[in-house]
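Here are the chains, one letter per residue:
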Amino acid sequence: MRKLTLKRPLALLPLALFLVLLLAACGGGPKTETQPQASLPEAQVDPATAGSVTGKVLFTGTAPVMPVIDMSSNPQCERQHKTPAKAETVIVNSNGTLRNVYVWIKSGLAPAKWPTPTEPAKLDQNGCMYAPRVQGVMEDQAFEILNSDPVNHNVHAECERNAAWNESQPPRAEHKFKKFASEEVLFPVTCSVHPWMRAYVGVSPHPFFFVTGDDGTFVLKGVPPGTYTIEAVHEKYGRKEGKVTVAPSGTASIEFSYGS
Amino acid sequence: MAVNTYNRGLHRWSLVLAFCTLLLVVAGGMVTSRDAGLSVPDWPLSYGKLMPPMEGGIFYEHGHRMIATTVGMFTIVSLVWIWIVEKRQWMKWLGVAALVAVITQGVLGGLTVLLLLPWWISSSHASLAQLFFSTTVAIALFTSDWWLRGAKTVTEKATAPIRGISLVASICVLCQLALGAAARHKAIGSIYHICGSPIVTSVILWVVLRVLLHYADNRELRLGALTLITITFCQVFLGIAAYMTRIAYADSVQPMPLMVTFTVFHVAVGALTMAASVSLAILVRRNVETA
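Residues numbered from 1 in each chain as written. Chains lettered and ligands numbered in written order. Predicted model: local features only at pLDDT ≥ 70, side-chain atom pairs only at ≥ 80, totals over all residues. Heavy atoms only, no water.

Draft legend 1. Summary view of the pairing of strand β2 (residues 102-107) of chain A. Residue and element names in this part refer to chain A. Here β2 pairs with strand β12 (residues 209-211) via 3 bridges, running antiparallel. Across the sheet, the residue bridging to Tyr 102 is Val 211, located in β12. Taken together, the 5 bridges between β2 and strand β14 (residues 226-234) define a ladder with antiparallel strand orientation. Within β14, the residue paired with Val 103 across the bridge is Ala 232. (Pairing = 2+ DSSP bridges. Helix = DSSP H or I, 4+ residues; strand = E, 2+ residues; numbered from the N terminus.)

See the structure below:
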């Protein structure tokens, strides 16, 4: 039998590795899907019969204590906070509700093209934190990104259904304007210069979405009568959904509950 | 065949190159552990400049690029030096292979930034880094006075074949490093890397015990085996520590210094494990003659 020599098998090591990785690479890369909207009919809502969906997002159990963010790697960020900034992953309001939950109509609406708001949705970088933490935008709505900080940021939209991008934004640079073509709830926006920075964006094909604030409630107005699946999405605690029926000119209520 | 003479300058330069490459591996580990890989979105420039403000993650990403550029230049000097003084043809081609590897490594590094860290490019970048480091260590080994003085050979015992399994050990280490790289870049779960650990450790133990039990009279083999097993045990400890800290700080605001420290040491000692296993395989090939 032929014996192995030193040179040949060692030389084959990188080749074998690359073949394995190349094979694994098939199917890799970002996924981009677009839903053709042009062929859909214009959405029609009769104001006389439109109703609404209201509710709140409760939090049960002990609210987790959010740690202080160590910004010492960039003193200019640190100096912008009178008191040390804390992580915003879980914010439980004083009334026992949960903030920063994205609530939207997941399904039930007739396929239609809803008018896109002319005002851009805004994401600011201020004190090396994103504001707002969670927000919704409509498909093809302008998404404006500002840098109010005296430091460099990179803005990385970690989309999966939309095309992901990563761009630098120096201090006092021009605002960036982006658009997201496809429904995607939620994806993170991150900054690798300041790895604690994290925001979440939900892209919806319609205007029926809401992000809970300091009272934990939500309201979806102008909803056509019908039965819908309402979904709540939180960055840490994940997704919950429930069904509601909106009667003509009526208000349907639903509550979601998360817990530690 | 032309006889090569020891060139102290080349050997010392090779040691410097190997040391700088280890620093580069550490710097690369810092970039990944601190999630700083995309802090500089452009390449080959950084924020359109040669020297951006070294703040936050930019310090790690651009620092990594600066060390990489230095290592690339050192590799070019190494190649030129080897082609001038070396009489061994295969050494000249090893120098060329090192340069090709470092250029490929640079391109992979740039592509992974521009394509937003696709796991297959990032994992290839991390794995090729380990191979390149082993290549620089091998060059340092081949250019040493000790290597050029010749070996005291022993005959391979039929009851204890070692040439094949020492090579198998190197391949196992490389596969384990590739699994670790894939896990770090979120292509696979850490479980594959964790499950690979006892297998690779067992193969290394097998090789080391075989050397120590059957070829311990050969000082070079004995030292090579002891070095490999010492590094491997350190690596297993670091792997456990890196995993435990990752679990402990899963909900914390990243990056956590303790987790970063253990993980980066685990990456660096992984490179040393690879280099030690390759060195032992080379020594076995040189010192153990087939019957």
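Draft legend 2. Quick look at the domain arrangement of chain B. All names here are of chain B. According to the domain assignment, chain B contains domain 1 (1-150) and domain 2 (152-291). Taken over C-alpha atoms, the centre of domain 1 sits 21 Å from the centre of domain 2. The tally of links between domain 1 and domain 2 comes to 0 salt bridges. Here domain 1 is connected to domain 2 by 7 residue pairs in polar contact (both at pLDDT 80 or more). Where the side of domain 1 that touches domain 2 is concerned, the elements lending two or more residues are α1 (8-33), α4 (119-142) and α5 (145-148). At 13 residues, the largest contribution of residues to the side of domain 1 that touches domain 2 is made by α4. (Domains from an automatic or database assignment. Salt bridge = Lys/Arg side-chain N within 4 Å of Asp/Glu carboxyl O. Polar contact = N/O pair within 3.5 Å; in protein donor to acceptor, adjacent residues only side chain to side chain.)

Draft legend 3. Molecular detail of the side chain of Asn 154 of chain A. You can see Asn 154 of chain A is positioned in strand β7 (residues 153-157). Residue classification places Asn 154 of chain A among the buried positions, given a relative accessible area of 0%. Polar side-chain contacts of Asn 154 of chain A include one of 2.7 Å to the side chain of Asn 166 of chain A. In this structure the side chain of Asn 154 of chain A is engaged in a polar contact, spanning 3.2 Å, whose partner is the backbone nitrogen of Val 193 of chain A. If we ignore the near neighbours within four places in the chain, the residues touching Asn 154 of chain A are Tyr 130, Asn 166, Glu 167, Ser 168, Thr 190, Cys 191, Ser 192 and Val 193 of chain A together with Leu 38, Ser 39, Pro 41 and Tyr 47 of chain B. (Buried < 20%, exposed > 50% of the residue type's maximum accessible area, 1.4 Å probe, protein only. Contact = heavy atoms within 4.5 Å.)

Draft legend 4. Spatial organisation of the pattern of salt bridges. Scanning the entire structure with this criterion turns up 11 salt bridges over all chains. In this structure, the salt-bridge partner of Lys 106 of chain A is Glu 231 of chain A, at a minimum N-O distance of 3.8 Å. With a gap of 125 residues between them, Lys 106 of chain A in strand β2 and Glu 231 of chain A in strand β14 connect regions that are remote in the sequence. On the basis of relative accessibility, which here comes to 39%, the residue Lys 106 of chain A falls in the partly exposed class. We classify Glu 231 of chain A as buried; its relative accessible area is 3%. For the salt bridge of Arg 286 of chain B with Glu 220 of chain B, the shortest nitrogen-to-oxygen distance reads 3.4 Å. Placement of Arg 286 of chain B in helix α9 (residues 257-287) and of Glu 220 of chain B in helix α8 (residues 219-248) is noted, with a sequence separation of 66 residues between them. Each member of the pair Arg 286 of chain B and Glu 220 of chain B is classed as buried.

Draft legend 5. Looking closely at unusual backbone geometry. Residues and elements named next belong to chain A. Here the amide bond leading from Ala 131 into Pro 132 is cis, since omega sits at 0°, within 30 degrees of zero. Here Pro 132 is to be found in the loop between β4 (129-131) and β5 (134-138). That bond from Val 185 to Leu 186 is cis: its omega, -20°, falls within 30 degrees of zero. By the secondary structure assignment, Leu 186 is in strand β10 (residues 184-190). Of note in this structure, Cys 128 is not a glycine but carries a positive phi near 60°. The class of Cys 128 is buried, set by a relative accessible area of 0%. Positioned with a positive phi, Ser 249 is a non-glycine residue whose angle comes to about 60°. Residue placement: Ser 249 occurs in the loop between β15 (238-246) and β16 (251-259).

Draft legend 6. Local environment of the sheet that holds β14 of chain A. Residues and elements named next belong to chain A. Pairing is antiparallel in the open sheet, where 4 strands are placed in the order β12-β2-β14-β15. Whereas interior strands pair on both sides, the edge strands pair on one side only; in this sheet they are β12 and β15. Going across the sheet, the axis of each strand differs from the next one's by a mean of 25°, ignoring polarity. (Axes fitted to C-alpha atoms, helices over the stretch in contact; angles between N-to-C directions.)

Draft legend 7. Up close: the packing of aromatic side chains. Residues and elements named next belong to chain B. If you walk through the whole model with that rule in mind, you get 15 aromatic pairs over all chains. Relative to Trp 81, the ring of Trp 13 lies with its centre 6.3 Å away and its plane at 40°, an arrangement referred to as tilted. Taken as a pair, Trp 13 in helix α1 and Trp 81 in helix α2 (residues 56-85) lie far apart in primary sequence, 68 residues in all. The structure contains a cluster of three or more aromatic residues connected by ring pairs, namely Trp 90, Phe 142, Trp 146 and Trp 147. Sitting above the plane of the Tyr 215 ring, Lys 157 keeps its charged end 5.5 Å from the centroid. Just above the ring of Trp 147 sits the side chain of Arg 286; from NZ or CZ to the centre is 4.1 Å. (Phe/Tyr/Trp six-rings, centres within 6.5 Å; stacked < 30°, edge-to-face > 60°. Lys NZ or Arg CZ within 6 Å of the ring centre and 35° of its normal.)

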